[in-house]
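# Commentary on secondary and tertiary structure
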Amino acid sequence: MRVAIVVPVYGTGVGGGATNQARGFAVEAARRGWDVEVWTSAAKSHYDWQNGYLSGATSEAGVIVRRFPITTTPTAAHRELEEAIVFGGDVTADQQFQWLHESRHSVPLYAHISEHAADRDVVITLPYASPITHYASWAAPERIILWPCLHDEPYAYLEPTRLLLESVQGVMYNSPEELTLSEGRLGIKPRRSFVLGEGVIPLSTIAPSPLQPTSLVYVGRLEPGKNVALLYEYVQRYADEGGEIELLVAGSGPLAPPAHPALRYLGYISDVEKARVLGSALALCQPSLNESFSLTIMESWLAQRPVLVHSACDVTRGHVQRSQGGLWFRSYDEFVGAFRWLQTHLELAQRMGVRGRAYVQANYTWPAVIGRFGKVIAQWTEQAGG
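The following paragraphs examine the structure supplied in this document. (Residues numbered from 1 in each chain as written. Predicted model: local features only at pLDDT ≥ 70, side-chain atom pairs only at ≥ 80, totals over all residues. Heavy atoms only, no water.)

This paragraph deals with helix H13 (residues 346–363). An ideal rise of 1.5 Å per residue puts 26 Å on 18 residues; H13 measures up with 26 Å between its terminal C-alpha atoms. Looking at H13, one finds that the buried residues are Ala349, Met352, Gly353, Gly356, Tyr359 and Val360. Around the axis of H13, the buried residues are gathered within 120 degrees of arc, so they sit on the same side. Opposite the packed face of H13, turned more than 90 degrees from it, sit the exposed residues Glu347 and Ala362. (Helix = DSSP H or I, 4+ residues; strand = E, 2+ residues; numbered from the N terminus. Expected span 1.5 Å × (residues − 1). Buried < 20%, exposed > 50% of the residue type's maximum accessible area, 1.4 Å probe, protein only. Arc of directions from axis to C-beta.)

As structure tokens, then:
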């Protein structure tokens with residue numbers, strides 16, 4: 001199969017769920033012998049969008065990566081509209097399209113897609129909230145399979161989002177809850193859709209350090225959208241009330257933890273170190289309200305550690321319910337209760353981690369995901385008459 005994957009940023013050490021998702025798919029598809037290319041920008045970071053990579057083609061882990069420069073930067077109007085969208089302001093449909101148009105873009109990337117999409121059996125674009133993904137998809141909508149990573153957030157309710165999901169060739173979701181959000185709550189009607197899931201690569205085979213029953217860990221982007229400020233608040237409050245707790249925070253972003261004895265900031269860590277940290281903690285805490293999958297939850301389960309998730313996130317709570325691999329909380333008291341329960345039931349907590357690992361291994365390895373993808377695309381091709 002000839003596949004192109006279009007993602008706004010891509011590269012070794014480039015963080016973000018969509019980037020990891022694209023990389024995992026591309027590497028596994030290439031391993032199977034598929035003709036895979038990644039088409040992306042020359043930016044290294046989705047924070048500053050500077051062209052940190054050279055434009056042109058390189059080979060990375062068996063995948064051809066073609067990078068194109070960012071050629072436009074956001075206008076003042078875009079930044080004002082972005083703020084209005086994020087904070088629930090009154091933004092008309094015309095202003096929503098203005099927000100898209102006046103964002104950062106890569107005109108050479110769009111031109112490449114328009115010219116070469118027909119050379120590919122499938123062109124996958126992700127994630128939906130990026131204006132680059134919108135314009136890339138509209139460069140050849142009849143060839144596009146959108147992998148939206150849709151969250152229950154303001155961007156999901158925009159008119160351009162509805163138009164995008166309903167106009168591409170097909171949509172593939174990370175979870176049943178994401179499909180329900182899109183086609184149930186939002187009423188979006190894609191031409192075709194299915195639940196694909198996402199693959200998870202085991203971090204390391206090293207033995208974890210001894211379990212620390214007072215230790216929680218958070219791994220991921222340190223951004224307001226990940227709800228990490230709430231987690232910091234809960235941990236500090238519990239510690240200040242005399243509770244024994246330590247939160248290890250691994251990741252990068254604008255919301256590094258404040259100075260407090262119960263908060264230990266690790267910064268960006270390697271996969272080997274991440275495996276060690278996850279394996280030695282009592283549990284991973286993922287407080288985000290807006291997830292379409294959550295790779296870090298799967299990584300914690302592969303390390304045989306349970307997870308704590310926020311009950312207001314349908315996706316992460318759904319994973320926990322199906323796997324029986326953790327607990328959820330909505331308030332401070334529920335957070336403390338769940339943490340104490342895990343501390344006093346270490347054997348049962350370990351069983352949760354084991355069940356979580358079985359859930360990941362049965363559903364979310366990259367070979368399983370690529371296999372599902374190949375079967376669905378073959379069915380769609382047959383239904384369309386070849």
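So much for the structure itself; the text now carries on.
With the rule as written, the count across this model stands at 18 salt bridges. For the salt bridge of aspartate 35 with arginine 120, the shortest nitrogen-to-oxygen distance reads 3.4 Å. Of this pair, aspartate 35 sits in strand E2 (residues 35–41) while arginine 120 sits in the loop between helix H4 (107–116) and strand E5 (122–125); the two residues are 85 residues apart in sequence, bridging distant segments of the chain. With a relative accessible area of 36%, aspartate 35 lands in the partly exposed category. Of the charged contacts, one joins arginine 66 and glutamate 37 as a salt bridge, the two residues approaching to 2.8 Å between their closest N and O atoms. You can see arginine 66 sitting in strand E4 (residues 63–68) and its partner glutamate 37 sitting in strand E2, a full 29 residues away along the chain. (Salt bridge = Lys/Arg side-chain N within 4 Å of Asp/Glu carboxyl O.)

Note that an α-helix has 3.6 residues per turn; residues three or four places apart therefore point the same way. Of all the residues in helix H3 (residues 93–101), the buried ones are Gln96, Trp99 and Leu100. Along the long axis of H3, the arc covered by the buried residues comes to 100 degrees, so they all point the same way. The outward face of H3, more than 90 degrees from its buried face, is lined by the exposed residues Asp94 and His101. On its buried side, H3 packs onto helix H2 (76–86), helix H5 (131–138) and helix H6 (159–167). (Contact = heavy atoms within 4.5 Å.)

Strands belonging to one sheet form pairs held by backbone hydrogen bonds; the direction of such a pair is parallel or antiparallel. Taken together, the eight strands give an open sheet; going across it, the order is E3-E4-E2-E1-E5-E6-E7-E8, and neighbouring strands pair in mixed fashion. The outermost strands of the open sheet, each flanked by one partner alone, are strand E3 (56–60) and strand E8 (193–195). Each neighbouring strand pair of the sheet contributes to a mean axis angle of 25 degrees, computed without reference to strand direction. Judged from the six bridges that link them, strand E1 (residues 2–7) and E2 form a sheet pairing that is parallel. (Pairing = 2+ DSSP bridges. Axes fitted to C-alpha atoms, helices over the stretch in contact; angles between N-to-C directions.)

A sheet is described by the order of its strands in space; here six strands give the open sequence E11-E10-E9-E12-E13-E14, paired in parallel fashion. Of all the strands in the sheet, the pair left with one neighbour each is strand E11 (263–267) and strand E14 (326–329). In this sheet, adjacent strand axes meet at a mean angle of 25 degrees when their direction is disregarded. Where strand E12 (residues 281–286) lies against strand E13 (residues 307–310), three bridges are found, and the strand directions are parallel.

With that settled, the discussion passes to the pairing of strand E7 (residues 170–173). Neither face of E7 is exposed, since Gly170 and Met172 on one face and Val171 and Tyr173 on the opposite face are all buried. As judged from the two bridges shared by strand E6 (residues 144–146) and E7, these two strands associate in the parallel manner. Across the sheet, the residue bridging to leucine 146 is valine 171, located in E7. In this fold, the crossover linking E6 to E7 by way of H6 has right-handed handedness. Strand direction decides the pairing type here: E7 and E8, joined by three bridges, are parallel. Looking at E8, one finds that methionine 172 is bridged to phenylalanine 194. Read from E7 through helix H7 (residues 176–185) to E8, the crossover connection turns out right-handed. (Right-handed = clockwise from strand over helix to strand, strands pointing away.)

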